Every structure is written in C-alpha cells, then in structure tokens.
2 protein chains.
Amino acid sequence: MFEFMTIRELYEMIQSQNHVELDSIEYVQLQGWVRTNRCNGKLGFIEFNDGTYFRNAQLVYMSELKNFDEVSHYRSGCALTVTGKFIQTPDGKQPFEIQLTESILEGDCDEDYPLQKKRHSFEYLREIAHLRPRANTYYALFRVRSVLSMAIHEFFQDQGFIYVHTPLITGNDGEGAGEMFKISTTSKEHSEEFFGKEAYMTVTGQLHVEAFAMAYRDVYTFGPAFRAEYSNTPVHASEFWMIEPEIAFADLNDNMNLIEDMIKYCIDYLLENAPEEMKFFNDMIDHEVNNRLNMLLNSEFKRMTYTEAIDILLKSGVKFENKVEWGMDLNREHERYICEQVVHGPVFLTDYPKDIKAFYMRLNDDGKTVAACDLLVPEVGELVGGSQREERYDVLKKRMDEMGMAQENLQWYMDLRRFGGCKHAGFGLGFDRFLMYLTGVSNIRDTEPFPRTPRNLNF
Amino acid sequence: MFEFMTIRELYEMIQSQNHVELDSIEYVQLQGWVRTNRCNGKLGFIEFNDGTYFRNAQLVYMSELKNFDEVSHYRSGCALTVTGKFIQTPDGKQPFEIQLTESILEGDCDEDYPLQKKRHSFEYLREIAHLRPRANTYYALFRVRSVLSMAIHEFFQDQGFIYVHTPLITGNDGEGAGEMFKISTTSKEHSEEFFGKEAYMTVTGQLHVEAFAMAYRDVYTFGPAFRAEYSNTPVHASEFWMIEPEIAFADLNDNMNLIEDMIKYCIDYLLENAPEEMKFFNDMIDHEVNNRLNMLLNSEFKRMTYTEAIDILLKSGVKFENKVEWGMDLNREHERYICEQVVHGPVFLTDYPKDIKAFYMRLNDDGKTVAACDLLVPEVGELVGGSQREERYDVLKKRMDEMGMAQENLQWYMDLRRFGGCKHAGFGLGFDRFLMYLTGVSNIRDTEPFPRTPRNLNF
C-alpha cells in the first residue's frame, strides 16, 4: 500500500525530525512534472517537482521497472503519477529519494518545449509567460508573491482593518497620478457612453477608501491600478497592484508607524513562510537580499523633514546631476544619498513643498509645506508615499481652486469633510515594486504573472 | 488616568467575563462618531460608534460636564474624542455605559447631513454611497464583505494554494463570457493603440490561472472582472469580484468536493468572525439567513447529471414557463424546482450538453456532453459554475474550430496541453453574488462599495 503525499509534506516531515512518522512511510505516490531526466541504460534519475515546494524530489528507476524504456525517454516537462519506495538519504545531496515501482505518463511534453534544462535569459522567459512559472526564478517569485499577499492581509486583518474593494472603473479623470486608460463598450446597440459619461480605469483607490475610513476607522485596499504612461522602464507597468490603507483619528506620525510595522511584519512573514525561496533569491539573484532584509528588520526608521534634507544636500559638497534647491522634487540620486550616505538606513522624509505634492495632502501651518511622508530606502529611493489628508473643507477647496481642479465629480469627496470628517492619514505602496525590493528582482515584468506594458499585450 | 480603548475591545472583554480585567478599567477614552444624541436639559445620551464593532457604546453626560451645552447640541455624524467613566450595566439594554468627563469635537457635521436617524430606503442610500457605510445595513455588509474575503484567502492558503494576480487587461476578446469593455489611451502622443493591438478588460482569469496550475498544482485568483452587459437587474454589475481556483491532477469530482468544502468553510468563518452582523441580517434583512446557512452547513451536496435533471423535469407534470427539452439551458425556474422540490437542498448538476457550455470544458466519452458542474442552491439557482478542462490538444482544437474561434491569441493556452498538460479542473464563484446569498441582501448594488452599472458612474 502507498500513501499519496506532496513533496512539501515529505520535506517538512524530514525537517521536523519526526522519526516515528518518517519510519512509518514505506511507499508513496506523487504527482507532478519532470524537471530533468537522465539515464545510463540501467539506472535513471528524474528531478521531479509537484508544485508544492521549491525543492525537487529525486526519483530513481532501475531496469526492473516494467516500463523502464518508456520512463527513460520522458522529456523535461512531462506530467506523471509515480509510486515508489521512500528512502531517507541523510548523507546525500537530497534528504530522500523515491525508488520507482510504477510510473504513469499523465501528460506528454512535445519536443519543442521551450523550457529546456539550460539557463535562459529573463528576456527569453518573458516571451513564454505561460510556461515560465516552471522555471526556478519565477517558480520562487510567484510563490513569494502569493505569500507576501497573504502577509499584507494578515497584517491588516489581525488589527481589525476592513478590506475595501474600491472600484476600478471611475468617472474621475483627475485623481492626480498620471495618464489614465479610457474605457468604452464594444456594443453597437449601446454605442453612446455606457455609463452616461466618460469612464476611466482608476489610478488609485485612496479617495474612495477615505469614505470608508470615516465609517470603520481603519481600512485598506489591495487591488489593481492602471497607468497609461508610455514608459518603457524596469519599474513601470500599465497594470499593477497597490496597497492603500487609511486610518482615521490619526496623523502623519501614526501613518509612519504603520508603514514601518507593515514592512517589518511582511519581512518576518516571508522569512517564516518562504525560507527556501528567499534563500534562492539571496544565492542566485541578489546577494544583498539577506543583508537588506536584516537591515530593514533591525533599523528604527529615521524621520527627517524635506527642508532638513535639502540643507544636508546643499552642504554636502557633492556635485549632483540635478541641482538642489528648496521646492524641487528630489531625484533618485538625492534620495539615495540621504539614505545611504547620511542616514545609513531607511528614512522618512516629511513635510514636502505643497507644489510638488497632491491636492489632498494636509497643509502645514507654514502655508508652504504639506504633511506628506515618503519612505526612502537604500539602493532604491522612494518605496512608499503617504500623507495626512486635508480634513478642513475650506482649505481643501482653496487648494483645488488654486490647482484649477474640476470639482463637480469630487464633491462627494470634499463633502466627507463636512460630515464628521476627522484627521486621517494613509499611504500607498506599489505591491510589485515592494516585491522587487524584497527579492532583488530588478524588472517589474518579472514580478507580475502576465505583465502589461506599452506595446506588450501577449497572452 | 484613562486608557484608550475601542468599542470592540470593551464588548469582547465583557463577553469573555474577565472580571479582573474589567474591574481594573476605570476611565476610558474613545474616538468615533455620534449616531444619535438626545438630551432633556439635565441629562443626555449619545449612541456612539467608533467603526470597530457593530454595536454602539452609550455615552451619558450630565450638566456637570464643562461643555454640557455644546455636547447637547452635537448632531448625528459628528466625530468626537471622549473620555469617561466605564460603568458596567449588566441589567441594562447595553452591557456598559460611559459617563463623560470630557468631550472634544474633532469634526463637526453640517445640518444637511443626508443620513438622519430615520430609516432610509436602499435606493436613497445608493445615492449617497460615500456615506452609506455608516448606515446599519451597509456597516454590517461591508464588514462581512471584508471577513468573507479573508475567509476565502485563508481557506485556500491553508491548503497551500498559490494566489495568482491574473491580468485585467487582455488582448483576448473571445474568453467566452459576455460583452467586454474596450480600453484605449487618452494620450495624444500615443494615440495609436497603446498595446499595439486592441485591448479589453477581462471577463475571467481562468485561462491565465490554468497556466499556473501547471506549475503549482493548486492555485486561485481573487480579483475584479468586468462585463459590458446592458442589464439593469438586481444581480448584474459592470464590475465585480470573482474567485477562480484551478486544481491540477484533479477531475470533476475533486472540483465539486472543493466547492462544497469552500462554501462550508466560509459560512463557519462568517459565523465565527461576524456573529453580530450575521444576526442583524437574519433579524432585519432576511429571516431565512440562519436557516439557509444551517441548511448549507448540514447538507451533503447532492450530485445529479443534467440528463437526469431533464428527465425529472419532464416527468414532473409541472407546467414551466420555459419548455423543457434535452439540450436547453436550464432556466431559474427549473433550477429552483430541482433544488427545492426534488433534492430539498444544494445539488450539483453535471455533464451538460456541450453546445450550451464553454469551449474549454472537457468532452465526455458520449461526444455530446461536457464535464461541467453547476452548483444549484434553493431560492437562487446557480451559485457556482465549474468544469474539468479539456486537456487533450486535438479535442480542444477541434472544438474551437467547430465554434469558429480565432486561435492566434489563444495558442499559448492551447499549448499548455502540449507541454505536460494533465487533467485539471476549476470553478468560478461571483463573490458579490455569494455575499448576497449569505446575507439575504437582494441587490448587487448594495454589496459593492461603489457599484458600477449601466448609466451609473457616480462617485
């Protein structure tokens, strides 16, 4: 008799050193895919993966096997159901192997399988997005993407935050963050505007989630957003996922505490729940991964005003490519200098000039700056952007007037200030970029299952 | 000295009967919103909610309070920070009250606040979607929406499923489930097609998630989908959330087991994590809620083929509005008859005629039916639709040819069958409709934070 097992179960059992349980396993059945297969005519080895664990199981087959010849010709990619004897090999490269007693071909793999044993470039693998989750880097990455998603949900839900599905179709074309996609219907019958007005794909859920913070206190969104920017860079995608929490009765300091807590929670969670994958990233993709995660975990995130940062940059004596002056938007070189040369760790810059920030950020008493906070991290620069929101109706309206914003579509948002509005704050974290930062993967096209970028809509 | 507390913490402490802890609380501080305020000139009562719990806290204030007059004039909706003495009132309507020693107005509420104490119609409340989360029904509903979301994630993640963010922008206009929205860029500079081809908003993540099932075995999506149908009904929205799991090395029976397990898990989770809200729905919205949930929890979901169902309908002697014949798509009246009059509970109908089902469903050996399963439930009819997928390349291609489907955009999907494809199955559950069913709320416009429907894109 055999037991159906997953490769994860076998590895976890071995790691737990549960000898009673381990010794009770004689024959196991596995289902999965051939990664590699080699055979010397009498003895063969299959590296086998079933999708449940980062590491493979080694299948061993000998000429006694009924369909030895067939098995020896299995190509990479084949789907199998196998049964075999479970043998612990504590001195081997792998802690166990399976000596096959039966192998059934569930799905053959054609000869032109584009994912051969050799190392492929990321560029090549992007061309086969439907198959690349089977390649080591992506196999690790998309599991980490799933684990990190769950970390986000658990972090917020454990603290009583309400998850809000803010709408993706919006009538507001002025949410203030870049070019938008326009949507229309293909139906001839209803060729007038489907919604009775122009419709766009949202760039942020923030405005909508603020309404929910005024009912539930602590809320968050976690969903897709869109930008129709024609930017072919490693950090821009037309579709990406965003995390946008909003907290009521809270100011900029509460907001920064929340950001710091969330980041540390996520890192702990990843190290706990995807240790094999995180080790892979450190070994194979970016040797700084472990150092970076430890640095973040062990740092107290510093706080510094924008004005202090400008002073430091001016006094630094460094010749930056972009000239430093108060009122400018900081470039990546400035942000990295502050993090890497001054603070030597993560730092929140706060209180930016109002003219370079969004209309909804709370005006400080100086009349010149707003209660914004950007988290800067070494190597990357800005990772998170947040702010305390303007809760004073008159101040908000004046700001929108100054910026020439159409207000009729946003009257509901402004009215939140007239009906029991209170101080509140929130932030936005681009999930895909966060994933890049934590894994060391350097192109956003590699972090998304089927990335959408300009002139790229295959699959 | 006082302690900052939430209303949830106070209720949970009282429910846990932790007298040592309870007796140690003397003064507390709360932050939240006035639901109602009444005062007889000497003594006043505020029903107060802070967003953390379904029930309110009662605040009591007396003429000794410094700003008694101001407090007595607080309108519904005002945001406050209050401090007061915590008094247990085990014989009262509420288990505790707070005798105010201080009250600070954080945010005033204008006189034209549209959410007054009286009972408002759902139609009216839909017109103030930015404020309605503060009204009891929506306040309960959107918390339950959040709790149910987390139930879904925990159910799948606990079993090792990988969460996949399938793309929302797609180049496939033939995913086979209704009218699609078309997207374009508003940029003049890039007025040619942004993606180099026509782009649409997806109607399903299934095709994409199948690629991931061939790497990870068990996967799921949970995200938005879109339909450009001009249907003004209580169950159609232009934007909605879908759950789409996909399991490899699995057939239709495994799929039905997964559906049944998921539904029961979600119900248990809701009753455990949102008991106050679920009681509210049963008391105030639909007296069948408790019965329905218990019925689902305690039923073994039956299974019956489509052909058997047609026989039963033909022999029933009932005069249906829509004539019954083999090959027809069942109408709601037929589905309800089978559930309510024949099975008296939930039932999977399986093996539907291929001509009324999607191209990707596995052809049965009879050549006429496919391995589909629709879960029918009393009162509603179809709640979930799933199938085993066609894993045989030639059979799939023949089917697509017969249906006249353009294949060039779906070659990658077909190729999954050439490269280690194995038997697999999955299903789709409309999250918003599931939420309607579990709470008894009868219009999808009431289950979504900011619903999008034809000619309706306010907010």
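Rules used throughout
- Residues numbered from 1 in each chain as written.
- Chains lettered and ligands numbered in written order.
- Predicted model: local features only at pLDDT ≥ 70, side-chain atom pairs only at ≥ 80, totals over all residues.
- Heavy atoms only, no water.
- Pairing = 2+ DSSP bridges.
- Helix = DSSP H or I, 4+ residues; strand = E, 2+ residues; numbered from the N terminus.
- Contact = heavy atoms within 4.5 Å.
- Axes fitted to C-alpha atoms, helices over the stretch in contact; angles between N-to-C directions.
- Core = buried A, V, L, I, M, F, W, Y, C linked by side-chain atoms within 4.5 Å.
- Buried < 20%, exposed > 50% of the residue type's maximum accessible area, 1.4 Å probe, protein only.
- Buried area = accessible area lost by both parts, 1.4 Å probe.
- Salt bridge = Lys/Arg side-chain N within 4 Å of Asp/Glu carboxyl O.

Draft legend 1. The sheet that holds strand β17 (residues 424–430) of chain B, seen in detail. All names here are of chain B. Here eight strands make up an open sheet; going across it, the order is β7-β11-β12-β17-β16-β15-β14-β13 and the pairing mixed. Only two strands of the sheet have a single partner each, and these edge strands are β7 (162–163) and β13 (302–305). In the packing of helix α6 (residues 206–216) onto the sheet, contacts are made with β7, β11 (218–226), β12 (239–248) and β17, and the angle to β12 comes to roughly 30°.

Draft legend 2. Geometry of the nonpolar core. Counting 284 residues, the largest nonpolar core has Leu30 and Ile263 of chain A together with Leu30 and Ile263 of chain B as the members making the most contacts within it. Once residues lying within four places of it in the same chain are set aside, the contact partners of Ile263 of chain A are Leu296, Phe301, Leu375, Leu383, Val384 and Phe434 of chain A. Ranked by size, the runner-up nonpolar core spans 22 residues in total, among them Ile169, Ile183 and Phe194 of chain A together with Phe226 of chain B.

Draft legend 3. Expanded view of the interface of chain A and chain B. Each partner contributes to the interface: chain A provides 104 residues, whereas chain B provides 104 residues. Taken over both partners, the interface formed by chain A and chain B buries close to 8,900 Å², and the fraction arising from carbon and sulfur atoms is 63%. Where chain A meets chain B, there are four salt bridges. The sheet contact formed by strand β9 (residues 181–185) of chain A and strand β9 (residues 181–185) of chain B spans five bridges and is antiparallel. Bridge pairing in β9 of chain B links Phe181 of chain A to Thr185 of chain B.

Draft legend 4. Focus on the pairing of strand β15 (residues 369–377) of chain B. All names here are of chain B. In terms of burial, β15 is a largely internal element, nine of the nine residues being buried. By the bridge criterion, six bridges tie strand β14 (residues 347–353) to β15 in an arrangement that is antiparallel. Across the sheet, Phe348 pairs through a bridge with Leu375, a residue of β15. Direction of pairing for β15 relative to strand β16 (residues 381–388): antiparallel, over a ladder of six bridges. Of the residues in β16, the one forming a bridge with Val377 is Gly381. Hairpin connection from β15 to β16: three residues lie between these consecutive antiparallel strands, with Glu379 at a positive phi of about 80°.

Keep in mind these numbers describe shape, not what the thing actually does.
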